[in-house]
Amino acid sequence: MDRARAQGQSAAMRFLLALLLLLPFPAAADPSAVIAAARGQVGVTVVYDPAYASLAFPGGDIDRSRGVCTDVLIRALRDALGVDLQLAVNRDMKAEFAAYPRTWGLTRPDRNIDHRRVGNLATLLRRAGAAVEGAPQPGDILTVTLPGNLPHLMIVSDRAGPSGRPLVIHNVGAGTREEDRIADWPLTGHFRLTPQVLERLAALGR
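Summary of the structure given here. (Residues numbered from 1 in each chain as written. Predicted model: local features only at pLDDT ≥ 70, side-chain atom pairs only at ≥ 80, totals over all residues. Heavy atoms only, no water.)

In this structure, the largest pocket spans a volume of roughly 560 Å³. Around the largest pocket sit 25 residues that line it, and Trp104, Arg117, Val118, Gly119 and Pro151 are the ones nearest its centre. Where the lining of the largest pocket is concerned, the elements lending two or more residues are helix 3 (69-81), helix 5 (118-127), strand 3 (141-146) and strand 4 (150-160). Residue classes in the lining of the largest pocket are distributed as 14 nonpolar, eight polar and three charged. (1 Å grid on protein atoms, 1.4 Å probe; cavity = no way out; pocket = protein on both sides within 12 Å on 5 of 7 lines; lining within 4 Å. Points joined across faces, edges and corners; volume = space filled by probe spheres on them. Helix = DSSP H or I, 4+ residues; strand = E, 2+ residues; numbered from the N terminus. Nonpolar A, V, L, I, M, F, W, Y, C, P; charged D, E, K, R; others polar.)

Now for the packing of helix 2 (residues 31-39) against helix 3. Remark: helix 2 packs on helix 3, axes separated minimally by 8 Å, with the N-to-C direction vectors making an angle of 125°. Here helix 2 is positioned oblique relative to helix 3, judged by the angle of their axes. Where helix 2 crosses over helix 3, the two elements pack in a sense that is right-handed. Along the contact surface, helix 2 presents Ala33, Val34, Ala37 and Ala38, while helix 3 presents Val72, Ala76, Leu77, Asp79, Ala80 and Leu81. Taken together, the residues of the contact of helix 2 with helix 3 break down into nine nonpolar, no polar and one charged. (Axes fitted to C-alpha atoms, helices over the stretch in contact; angles between N-to-C directions. Parallel < 35°, antiparallel > 145°, perpendicular 65-115°, else oblique. Left-handed = near helix turned anticlockwise from the far one by under 90°. Contact = heavy atoms within 4.5 Å.)

Counted under the stated rule, the structure contains 12 salt bridges. Residues Asp49 and Arg66 are paired through a salt bridge, measuring 2.8 Å at the closest nitrogen-oxygen approach. Placement of Asp49 in the loop between strand 1 (47-48) and strand 2 (66-67) and of Arg66 in strand 2 is noted, with a sequence separation of 17 residues between them. Residue classification places Asp49 among the buried residues on the basis of a relative accessible area of 15%. Among the salt bridges present, the one from Arg78 reaches Asp84, with a minimum N-O distance of 2.8 Å. Judged on exposure class, the residue Arg78 and its partner Asp84 are both buried. Salt bridges sharing common partners tie together Arg39, Asp158, Arg159 and Glu178. (Salt bridge = Lys/Arg side-chain N within 4 Å of Asp/Glu carboxyl O. Buried < 20%, exposed > 50% of the residue type's maximum accessible area, 1.4 Å probe, protein only.)

Let's shift gears to empty space enclosed by the protein. On inspection of all chains with the given rule, the structure shows one cavity of 30 Å³ or more. Reported here for the largest cavity is a volume of approximately 30 Å³. In terms of lining, the largest cavity is formed by Leu55, Gly60, Asp61, Ile62, Asp71, Ile74, Arg78, His115 and Arg116. Residue classes in the lining of the largest cavity are distributed as three nonpolar, two polar and four charged.

Here six bridges tie strand 3 to strand 4, and the two strands are oriented antiparallel to one another. Its bridge partner lying in strand 4, Leu146 is registered against Leu150. Connecting the antiparallel pair strand 3 and strand 4 is a turn made up of three residues, with Gly148 showing a positive phi of about 90°. In terms of strand pairing, strand 4 meets strand 5 (residues 166-170) through three bridges, oriented antiparallel. Looking across to strand 5, one finds that Val156 is bridged to Val168. Once strand 4 ends, the chain turns through five residues before running back antiparallel as strand 5, passing Gly164 with a positive phi of about 90°. (Pairing = 2+ DSSP bridges.)

And the structure:
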């Protein structure tokens, strides 16, 4: 009887291990891949273009020569980790639309533009548990307010600038650049892609 039970438990364990191998595990929280994917947009995205555009779904994008600050993060996470923020924002907004800003007067999700808005990405990251405090680390995501009360998003680089502070990778109006501007504007949000955050984003955006 004990032998039969042991054989049954062994078979169950083998089945469980085989099942786990089929599950899509989230990518590791190594920031270097995200930073490299963001840096790879420098010289590629050379125009700031906030115009509304109809996009494919999921995985939609405008031409990579153009974009806004949020596109830097969207493309970096797709390229480095296979996480689609267009899909993640859309799914989360459908589940909890009231949690998201009403700044744009929407009455329902719009998969063409929702993920390209700083307020929506900040909300998604906050709901995924990504909000942190303290000194920025490489790969962190910062939101700030530009003159004119305009929201902006930046990725913290693993390189330092002449000021001694970390560089940021962003598109603030002249295409994607890596610049010494981390302290130029008031901070409104600080987020980190921990393994737990990536797991939650992956569940929404894969």
